[in-house]
Amino acid sequence: SRMDKVLMLIKGIKRPFVILELSDMMDVWPMKQWQKYDEIIPSLKEMGYTVVGIGKDDKGRNKSVKTDIDLLNMFDPLESAVVMSQAALFIGHEGLLSHVAQALKIQSIILYGCSSPEYISDISLPELHPVISPVGCQGCRHVQNAGGGVICKRENICMEAITADMVLGAINTLIEKKDTIHAI
């Protein structure tokens, strides 16, 4: 089957591996785009992870992120879920793949800028570890009451305000809570 082929393809990835969701959101949801993955990759490698990039990036804006394995633009959402099912950790913005990670019960560091976890995620899940933007307008979703999108008057600062230290802090807290994330 198609899913068996995906499993065969990723069989050689050194475990444990972390998935970074590197989808290019700049044209549709720029307020979900986090551009600091390169700042956390060295620490992830020091922790013993193989770093895998996944997602859709048609324009190649995230090709410069220095992952160990680049799976950008290789899989549809179902195939991505198969890859994710083998991961020790998922790190990404709130969106489709973060919901897949939650459904698969993968330890997940999810970045919330313009959205709030209590409205769109099951915050009771022990696998969910939200990193929430510290800006005052966090959770606004950049929409009017009628639901139509609006231009952010603050130039989408929500994701920019999430620092690499905040994400690494969430990973360290997760490791402290669990003696291990899979093999670590």
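Conventions used here
Residues numbered from 1 in each chain as written. Predicted model: local features only at pLDDT ≥ 70, side-chain atom pairs only at ≥ 80, totals over all residues. Heavy atoms only, no water. Buried < 20%, exposed > 50% of the residue type's maximum accessible area, 1.4 Å probe, protein only. Helix = DSSP H or I, 4+ residues; strand = E, 2+ residues; numbered from the N terminus. Pairing = 2+ DSSP bridges. Axes fitted to C-alpha atoms, helices over the stretch in contact; angles between N-to-C directions. Parallel < 35°, antiparallel > 145°, perpendicular 65-115°, else oblique. Left-handed = near helix turned anticlockwise from the far one by under 90°. Contact = heavy atoms within 4.5 Å. Nonpolar A, V, L, I, M, F, W, Y, C, P; charged D, E, K, R; others polar.

### A word on the pairing of strand β2 (residues 50-54)
Thinking step 1. The element β2 is extensively covered by neighbouring structure, given that five of its five residues are classed as buried.
Thinking step 2. Where burial is concerned, the two faces of β2 agree: the one with Thr50, Val52 and Ile54 and the one with Val51 and Gly53 are both buried.
Thinking step 3. Looking at chain direction, strand β1 (residues 17-21) and β2 are connected through five bridges and run parallel. Bridging across to β2, Ile19 finds its partner in Val52.
Thinking step 4. Judged from the two bridges that link them, β2 and strand β3 (residues 69-70) form a sheet pairing that is parallel. Looking at β3, one finds that Val52 is bridged to Ile69.

### Description of the packing of helix α2 (residues 37-46) against helix α7 (residues 164-177)
Thinking step 1. Remark: α2 packs on α7, axes separated minimally by 9 Å, with the N-to-C direction vectors making an angle of 30°. When the interaxial angle is binned, α2 and α7 end up roughly parallel. With respect to the hand of their crossing, α2 and α7 are arranged in right-handed fashion. In contact with Glu39, Ile40, Ser43 and Leu44 of α2, α7 contributes Ala164, Val167, Leu168 and Ile171.
Thinking step 2. Each residue belonging to the contact of α2 with α7 can be placed in one class, and the counts come to six nonpolar, one polar and one charged.

### Focus: the environment of Lys105
Thinking step 1. Structurally, Lys105 can be placed in the loop between α4 (96-103) and β5 (108-112).
Thinking step 2. Taking C-alpha positions, Lys105 is 6.0 Å from Glu127, a pair spaced 22 residues apart along the chain.

### Digging into the sheet that holds strand β6 (residues 128-132)
Sheet strands pair via backbone hydrogen bonds, and the direction of the pair is either parallel or antiparallel.
Thinking step 1. Read from one edge of the open sheet, six strands run β3-β2-β1-β4-β5-β6, paired in parallel fashion. The open sheet is flanked by β3 and β6, the only strands paired with a single partner.
Thinking step 2. One ladder, built from three bridges, connects β1 with strand β4 (residues 89-93); its direction is parallel. Each residue of the ladder has a partner; that of Leu20, found in β4, is Ile91.

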